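# What the coordinates show
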Amino acid sequence: MSAGVPREVALDAWRARRPASPTTAPLDRDALVRRFHPDHDANAMVTLRVGSAAGARCPAELAALLQAGSPVRDVDIAGAPHRETDVLVIGGGGAGCVAALEAARAGARVLVASKLRLGDGNTVMAEGGIQAAVGEDDSLQRHFEDTVRAGRFAADRVLAAALVSDGPAAIRWLIGEGMSFDVEPGTHRMGGRLRRARVGGASAARLLSLRDQTGLEMMRVLREAVRLQPGVEALDGHPALELLTDARGACAGAVLFDRERRRLALVHAGATIVATGGAGRLHLRGFPTSNHYGATADGLALAYRLGAALRELDSFQYHPTGLAAPAGLAGLLVSEAARAAGARLVNGCGERFVDELAPRDVVAAAILRELEEGRGVATRDGALGVFLDTPSLEAETPGVLRDRLVTLCHLADRAGVDPAREPLLVRPTLHYQNGGVAIDPTGRTSVSRLFACGEVAGGIHGRNRLMGNALLELVAFGRRAGVAAAHEARAPRSGPIGVAHLSDWQRAMIAAGLPLDACSPQLFPSYGNFDLAAALTEGVA
Amino acid sequence: MSREGDEPDARGARVRLRFEGQELEARTDASLVQAWLDAGLPLVENVGCMGQGVCGACRVLVRREGEHAPGESVQTALACETRCEHGMEVTFVDPISARRPRPYDLRALGDSWTAFDRIPEIFPEAPHCRHCGGCDRACPKGIEVERMVGLASVGRAFDAAPLFDECVMCNLCIAACPEHIDPAHLGQLVRRLVASLALRPADLMARLREIEAGTQTVDVEAEIPEEAP
Ligand SMILES: Cc1cc2nc3c(=O)[nH]c(=O)nc-3n(C[C@H](O)[C@H](O)[C@H](O)COP(=O)(O)OP(=O)(O)OC[C@H]3O[C@@H](n4cnc5c(N)ncnc54)[C@H](O)[C@@H]3O)c2cc1C
Ligand code: SF4
Ligand code: SF4
Ligand code: FES
């Protein structure tokens with residue numbers, strides 16, 4: 001990327017030209033996205049050579065984890081302690097908690113294994129809201145068509161239909177668990193109307209929320225519900241390292257890493273649900289991310305080694321406005337609400353360059369073009385971004401920052417910026433994994449007794465996700481997978497349980513000429529200074 | 001240089017602090033979590049959202065320079081939201097859980113005439129609050145925890161619930177409470193009661209009736225126009 005305009009010079013240009021022009025030059029959106037959106041960067045993609053998705057394109061960083069060896073060997077698990085459960089849920093974010101609750105209520109004994117603490121994932125960070133077609137001017141069909149259209153017609157239509165059809169019932173279910181939603185001002189909690197907002201790509205106002213803390217409210221409620229649910233046990237600090245199989249190749253549980261005791265712990269389960277969330281912390285192409293610390297695509301790597309089909313692996317959502325500086329906060333989300341309220345994007349020459357409310361992939365591509373062509377704003381630290389012109393917004397609508405953009409002000413404060421006086425420096429941030437493990441409407445993967453739900457699953461959103469559909473997905477498909485897994489767990493199991501699938505995997509890797517020394521899942525970001533191999537040997541010794 | 005033109009990088013003076021007994025050098029615009037990682041130390045717990053300040057995982061005890069007087073209390077904080085200062089002494093707080101689990105079944109508290117009376121049954125210590133303010137001092141979000149406890153213990157759930165809007169479930173108030181009241185979970189109980197008993201949006205109910213009656217369906221095969229209507 002080019003150097004960009006030094007920040008002081010850019011600030012002068014911004015001051016001289018503010019407020020930026022109300023119109024922008026017309027853009028060839030398709031060409032812009034093809035040229036500048038990271039999904040279309042051929043150099044960043046490789047073709048997978050082994051596994052169920054061999055031949056598919058995939059970002060190199062993810063491919064390195066999919067085509068990798070296991071940290072677990074046959075001999076390692078021989079002496080490891082093991083326990084039995086009906087349903088094992090891997091990942092205690094939103095999707096994992098919903099699945100655990102529903103599986104337990106369907107009569108299963110459930111174990112939820114989390115890498116960090118129960119609830120520390122992407123769900124708690126969601127700000128905007130959840131989509132459900134409840135408005136009189138709205139319908140399930142509209143929600144369906146918006147979802148498929150936003151996904152560039154690549155979604156599995158049956159899954160998308162299941163998603164939207166579950167929407168209203170999912171909201172009712174969440175209220176039943178104790179989650180609050182905003183109601184329309186002037187209406188009542190009993191018999192009133194839910195407050196709805198319209199988001200980019202939606203044909204009706206359908207985004208339901210609790211202020212800009214929807215995910216926080218959802219995760220608080222789900223975590224508390226799981227904690228109190230009889231039949232569910234939560235294991236914190238137990239990341240999954242490998243899946244287990246039975247004699248027929250069906251999934252039979254997982255090998256966990258007991259972080260505190262630094263040793264392996266086996267869980268034999270009648271059904272296993274992968275709910276490990278996203279992949280932002282892989283920092284594809286060096287991008288910053290909005291995701292939580294544990295978003296390292298672990299579930300994709302585990303399911304892939306067992307032969308599960310994956311889809312749309314080359315498709316990610318880059319949110320246009322992540323913080324660009326300071327380094328410690330880079331990637332954190334500046335919500336779309338700022339642009340929805342009228343904040344404009346301005347380059348280093350003080351010019352507006354895109355309709356800020358165009359679809360996310362278009363706005364992200366437009367910002368990347370400015371950065372690449374030298375019109376970005378450069379700090380002395382080497383950060384590069386464009387301005388989000390909050391001062392002009394405040395000047396036009398006095399009080400808007402304080403009244404409507406509370407989270408933004410909080411974030412700006414920590415970045416050391418007064419958003420009423422200085423524009424924020426923003427740039428696209430890696431936000432969401434559009435594809436993932438292929439599932440059917442009950443959350444079943446292509447591997448027997450293995451289920452997936454939440455961000456790790458694929459097919460619902462196609463190649464681009466509508467804002468608010470991820471929170472709906474984790475409730476709708478978490479419930480579906482939980483119930484189906486509880487039933488599946490009752491079927492008799494066959495034969496010895498172990499990691500027999502790894503020998504086939506190794507043969508395939510060798511045949512493809514791929515090295516076996518690199519292991520996945522990654523568990524923590526590369527800068528987490530964690531060495532699993534060392535931790536394991538230390539524990540054994 | 002004017003405040004406006006001040007570069008973010010110009011603010012980052014270098015300082016020294018102690019974190020879990022280790023001497024670290026850090027910049028004042030870095031958070032404590034960032035300083036820990038930059039020092040090459042392993043981070044596999046006490047972290048989640050990495051700066052958004054919503055998951056409550058990164059609890060630390062912080063003693064600032066000049067607070068060495070005997071008996072001087074240290075402050076609790078979230079490491080991802082706290083910037084480095086010279087002379088700080090920082091330690092992570094181990095995960096805190098309620099001393100006694102308080103089982104209740106939200107769905108069994110369905111009678112709104114009696115549900116709020118049950119609060120002191122489920123949290124029998126709540127009426128014993130000694131107003132020591134320990135919870136308020138411990139809360140990194142500045143929540144009026146003590147006030148919430150008072151309101152909740154007399155059944156004023158609607159007044160109590162909004163006080164916990166910003167709670168990130170860090171559980172520091174649990175650790176601080178000498179009466180073992182578990183304010184964090186009490187806060188969740190009142191919030192959950194308020195929603196599950198008294199949020200009944202008419203538009204949602206109407207749509208659910210339509211779905212039940214079969215008048216809201218999805219045509220999976222529909223021809224979908226490229227552009228939104
Ligand atoms: C900042 C931000 C804002 C967002 N805003 C919105 C919004 O407004 N609306 C919307 O619909 N969506 C939004 N999203 C997307 C949405 O929040 C997520 O897609 C969704 O919450 C994912 O839920 P999940 O349960 O699948 O994953 P998570 O909540 O991330 O949970 C996954 C869990 O699995 C654990 N895990 C990972 N690997 C392992 C392993 N190997 N073993 C055991 N456990 C493991 C993780 O630590 C984590 O706890 C937002 C996302 C972010 C990051
Ligand atoms: S109320 Fe308690 S749990 Fe909630 S943020 Fe404050 S100290 Fe943490
Ligand atoms: S710490 Fe406990 S006893 Fe003290 S004020 Fe808070 S709730 Fe009351
Ligand atoms: S890491 Fe989530 S609050 Fe600090």
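For the structure itself, consult the block above.
A brief report on the enclosed structure follows. Note that the structure is predicted; figures quoted are calculated from it, not measured. The numbering scheme is per chain: residues are counted from 1 as the chain's sequence reads. Key to labels: chains lettered from A, ligands numbered from 1, both in the order written. This being a predicted model, a pLDDT of at least 70 is required before a residue's local features are given, and a value of 80 or more before pairs of side-chain atoms are given or counted; all residues contribute to the totals for chains, interfaces and linings. Side-chain numbers come from the whole structure's heavy atoms, not from hydrogens or water.

## What about the site of ligand 1?
As a reminder, the rule being used: What makes a residue near a molecule or strand is one non-hydrogen atom of that residue sitting within 4 Å of it. Polar contact is defined as a pair of N or O atoms within 3.5 Å, subject to the rule that within protein one atom must be able to donate a hydrogen and the other to accept it, and that residues adjacent in sequence are counted only when both atoms are side-chain atoms. Accessible surface is estimated by sampling points in the Shrake-Rupley manner with a 1.4 Å probe; for residues, cover comes only from the protein chains shown. Each helix is a run of DSSP H or I of at least 4 residues and each strand a run of E of at least 2, with the numbering of both proceeding from the N terminus. Residues were grouped as follows: Ala, Val, Leu, Ile, Met, Phe, Trp, Tyr, Cys and Pro as nonpolar; Asp, Glu, Lys and Arg as charged; and all remaining residues, including Gly, as polar.
Contacts to ligand 1 come from 40 residues, most closely from A:Ala95, A:Asn122, A:Thr123, A:Glu455 and A:Leu471. At ligand 1, the nearby residues belong to more than one chain, namely chains A and B. Note that an oxygen atom of ligand 1 is positioned 3.0 Å from one of the backbone N or O atoms of A:Asp120. Residue A:Gly468 places a main-chain N or O atom 3.3 Å away from an oxygen atom belonging to ligand 1. If ligand 1 stood free it would expose 1,000 Å²; the protein chains cover 99% of that surface. Looking at the shell around ligand 1, the elements that each hand over two or more residues are helix H5 (94–105), strand S17 (424–433) and helix H15 (469–488) of chain A. Among the elements that take part in the shell around ligand 1, H15(A) stands out by supplying 4 residues, more than any other. Here the residues of the shell around ligand 1 are counted per class, giving 14 nonpolar, 20 polar and 6 charged.

## Quick look at the interface of chain A and chain B
Test applied: Here a residue-residue contact requires only that any non-hydrogen atoms of the pair lie within 4.5 Å. Accessible surface is computed with a 1.4 Å probe, and the buried area is the amount of it that two parts give up when combined, taken over both parts together. The salt bridge criterion pairs a side-chain nitrogen of Lys or Arg with a carboxyl oxygen of Asp or Glu, the two atoms within 4 Å.
With 85 residues of chain A at the contact, the number on the chain B side is 78 residues. Both faces considered, chain A and chain B share a buried interface measuring about 7,100 Å² in area, 52% of it formed by carbon and sulfur atoms. Interface area lost by chain A to chain B is led by A:Arg189, A:Arg220 and A:Arg414, which between them contribute 9%. Taken together, chain A and chain B are joined by 6 salt bridges. The partner of B:Arg27 in a salt bridge is A:Asp381, with the nearest N and O atoms 3.5 Å apart. Viewed at the interface, chain B and chain A are joined by 37 residue pairs in polar contact (both at pLDDT 80 or more).

## Examining the site of ligand 3
Neighbouring ligand 3 are B:Cys129, B:Arg130, B:His131, B:Cys132, B:Gly133, B:Cys135, B:Glu146, B:Val149, B:Cys177, B:Pro178, B:Glu179 and B:Ile181. Class assignment of the residues belonging to the shell around ligand 3 gives a composition of 7 nonpolar, 2 polar and 3 charged.

## Notes on the nonpolar core
Threshold: Residues belong to a common nonpolar core when they are buried Ala, Val, Leu, Ile, Met, Phe, Trp, Tyr or Cys residues joined through side-chain atoms within 4.5 Å. Accessible area is worked out with a 1.4 Å probe on protein chains only. A residue is then buried under 20% of its type maximum, exposed over 50%, and partly exposed in between.
The biggest cluster of nonpolar side chains holds 236 residues, and the ones touching the most others in it are A:Val110, A:Phe181, B:Leu17 and B:Leu32. Sort the elements by how many residues they give to this core and H15(A) lands first, with 10 residues. Not counting the four nearest positions on each side in its chain, A:Val110 is found in contact with A:Thr85, A:Val87, A:Val89, A:Ala100, A:Ala103, A:Ala104, A:Gly231, A:Val232 and A:Glu233. Counting residues in hydrophobic clusters, the runner-up holds 12 residues, among them A:Val5, A:Trp14, A:Ala324 and A:Ala383.

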